[in-house]
Amino acid sequence: MKKLLLFVGLLTAVSCQRGFHVARQQSARLAVDAAVPADSSTVRWLAPYKQKLDQTMNMPLVTIGERLEKSTPESALDDLLADALLAQAAKQYGKAIDVSHLNYGGIRNGLPAGAVTTGNLFEVMPFDNQLVVLTLTGAQLMQFLTYFAANDNALVVGGVRVRVHDKAVTSATLTNGRAIVPDQTYTVAMSDYVANGGGGADFLKTIAQRDNVNYLIRDALIEYFRELGKAGKTITPQADGRITLE
Amino acid sequence: MDASHSNRRQFLKYLGATAVIAPALPQALLAATKAAPKATALTILHTNDVHSRLDPFPMDGSRNAGKGGVARRMTLLQQIRSEQKNTLLLDAGDIFQGTPYFNLYKGEPEMLAMNRLGYDAGTIGNHDFDGGIENMRDQFGKATFPLLVANYNFKNTVMDGRTKPWQVFKKDGIRVGVFGLGIQPKGLIPENLYKETRYLDPIDISTDMARRLRQEEKCDYVICLSHLGFKYPDATVSDQVLAAKSKDIDLIIGGHTHTFLDAPVTVNNANGKPMLINQVGFAGINLGRIDLTFEPGKAPVVGGTQVVPVG
């Protein structure tokens, strides 16, 4: 009987339970910095991933004769990067690309003389921008070139030769031989950043035919440089005069 | 029995980045509370937007040089777990993308590191789609913890059935309900990455979810793991918007906006009751820590809700 009472008592206590409430609370934002020693077993676990990563990042892709820097209105580096995007965009897109474009501000470092590594290209293009192909009319293409010629005071473009007078584009010629006609359409490869209006080119946000290609601009550069290096020769890229200031 | 359901929680004053606590209760009542039975401690630990930062930032003179890294986070976690029996380690999304680790390994070491560190749950950020939804399936499939997201309908995608909306964690009798919320993918994530993932309204979903956790699942504490973002200048749904419209959420652990909060922010919910939002930057530079002490039953009745705003 006593046991039963105890049992009933317990049951009552449990059924009367109304859960818990927070009586006190406090918070801290803990810095994960050099003051905290690294856990050695975690370091050991990560080591194989890190070693292979370092090998990949340090792997030479191609050897260049001299250091390359971006420059306005044009430089060997500007041309090389734009040509890389033009070639790789066409491969990824599976259709012809008329023009490639990189925003000048997005090129964050030059390339050292000697072996160019994947790591170097991560410094040139640290952002994970994806390739976007916009189909522009000839009129929109001219508007596009004019906008960036004025806004960036530089045009990092492939597939097109441009004459600029006082920051305005006076003429543009496609290297694939197509004429730029106002109401014909042209494919333009660029970063999602630019296509989203990130360079201030708001008119791009409303372009109806937009293809998002799941392909990083940086990967385009890495693959193009790897191709360049396959012959095993030192290359000395030059600016080819595609931008003419009048 | 206890008319004052609304006073279930007490509200505390946060002083700067660390410590805190000044229960807004009269001293006499506080003394009475002290006499109350067994208290149970629970420590909530959290990260957001770690972005593949497995190693610390390189020592290149930049602002975050030398900060972060999973091996150091492990040390902190071990220290805390040696002192606290009941812990929950949560992540608010964007595990992937941001270092070459992701480009090379597609997210595997990030997931395996989270397993090693003992994460209890995570939610999905927009960058977790960056390798494509098939890659998300492959990498998230390596997780030994649940990925919680209540407002993504993955039907017709390879992620169908691979996430849960919520989970209840039991810690020394305390029931903690955790659910996850993802951000609107349209316009943010290329469609070919998220495919037929359907985004459901996070306010509607979380109202149902939190009520269910509170009432049907009898949770003592409800946490929303959110990748909506802390707040926006326009009416875009955010943790702030969600908090103000919520009724049953105690804590939102947020992400996406890489917001460095010195301490959790207190927001009054739809019933005028304060709840917390926290977010600790990005890249694993910080580990967020919230220590809760639970006592049995409902909070003592206090005349009127006293709210001490965050300083």
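Since this is a predicted model, take the numbers as computed values, not measurements.

## Quick look at the overall build of chain A
Here's step 1: Within chain A one finds seven helices and twelve strands.
Here's step 2: Its C-alpha atoms give chain A a radius of gyration of 28 Å, more than 25% over the compact-globule value 18 Å for 246 residues.
Here's step 3: Taken along its principal axes, the extent of the C-alpha atoms in chain A is 105 × 45 × 35 Å.
Here's step 4: Within chain A, the proportion of its 246 residues that are buried is 46%.
Here's step 5: Considering only contacts in chain A between residues 6 or more positions apart, those separated by 24 or more positions represent 76%.
Here's step 6: For chain A, the exposed area adds up to about 11,800 Å²; of that, 54% sits on carbon and sulfur atoms.

## So, the interface of chain A and chain B
Here's step 1: Opposite the 40 residues of chain A that make contact, chain B presents 71 residues.
Here's step 2: Where chain A abuts chain B, roughly 5,200 Å² becomes buried across the two surfaces, and 58% of that area is made up of carbon and sulfur atoms.
Here's step 3: The interface formed by chain A and chain B contains three salt bridges.
Here's step 4: The shortest N-O distance in the salt bridge between D262 of chain B and R29 of chain A comes to 3.4 Å.
Here's step 5: In this assembly, chain A and chain B are joined by 23 residue pairs in polar contact (both at pLDDT 80 or more).

## Here we look at the UniProt feature "domain: 5'-Nucleotidase C-terminal" (unreviewed entry) in chain A
Here's step 1: Under the local residue numbering, the UniProt record ascribes the feature "domain: 5'-Nucleotidase C-terminal" (unreviewed entry) to residues 69-205 of chain A.
Here's step 2: Within residues 69-205 of chain A, the helical portion is 31% and the strand portion 28%, while the C-alpha atoms at the span's ends are 30 Å from each other.

## What to know about the pattern of salt bridges
Here's step 1: Summed over the entire model, instances satisfying the criterion amount to 23 salt bridges over all chains.
Here's step 2: Among the charged side chains, a network of salt bridges with common partners joins D79, D83, D240 and R242 of chain A.

## Describing unusual backbone geometry
Residue and element names in this part refer to chain A.
Here's step 1: In this chain, T72 is followed by P73 through a cis amide linkage whose omega measures -5 degrees.
Here's step 2: Looking at where P73 falls in the secondary structure, it is placed in the loop between β2 (60-64) and α3 (76-93).
Here's step 3: If you check the backbone angles, N153 has positive phi at about 55 degrees while not being a glycine.
Here's step 4: Note on placement: N153 falls in the loop between α5 (138-151) and β6 (156-158).
Here's step 5: For K167, which is not glycine, the phi dihedral falls at a positive 65 degrees.

## Some points on the UniProt feature "domain: Calcineurin-like phosphoesterase" (unreviewed entry) in chain B
Here's step 1: Feature annotation in UniProt assigns "domain: Calcineurin-like phosphoesterase" (unreviewed entry) to the following positions: residues 42-259 of chain B.
Here's step 2: Helix makes up 29% of residues 42-259 of chain B and strand 18%. Its end C-alpha atoms lie 24 Å apart.

## Examining the sheet that holds strand β10 (residues 210-216) of chain A
All names here are of chain A.
Here's step 1: Strand order in this open sheet of five strands is β6-β3-β9-β5-β10, and the pairing throughout is mixed. The two strands at the open ends of the sheet, each matched to only one other strand, are β6 and β10. Between one strand axis and the next, the sheet turns through 25 degrees on average, direction left out of account.
Here's step 2: Here α3 sits on the sheet and contacts β3 (99-102), β5 (130-137), β6, β9 (185-191) and β10; the angle it forms with β3, its principal contact strand, is near 125 degrees.

Parameters and conventions
Residues numbered from 1 in each chain as written. Chains lettered and ligands numbered in written order. Predicted model: local features only at pLDDT ≥ 70, side-chain atom pairs only at ≥ 80, totals over all residues. Heavy atoms only, no water. Helix = DSSP H or I, 4+ residues; strand = E, 2+ residues; numbered from the N terminus. Rg over C-alpha atoms; globule rule 2.2 N^0.38 Å. Buried < 20%, exposed > 50% of the residue type's maximum accessible area, 1.4 Å probe, protein only. Contact = heavy atoms within 4.5 Å. Areas by Shrake-Rupley, 256 points an atom, 1.4 Å probe, with all protein chains shown as cover. Buried area = accessible area lost by both parts, 1.4 Å probe. Salt bridge = Lys/Arg side-chain N within 4 Å of Asp/Glu carboxyl O. Polar contact = N/O pair within 3.5 Å; in protein donor to acceptor, adjacent residues only side chain to side chain. UniProt positions renumbered as here; feature names shortened; annotations may be inferred. Pairing = 2+ DSSP bridges. Axes fitted to C-alpha atoms, helices over the stretch in contact; angles between N-to-C directions.

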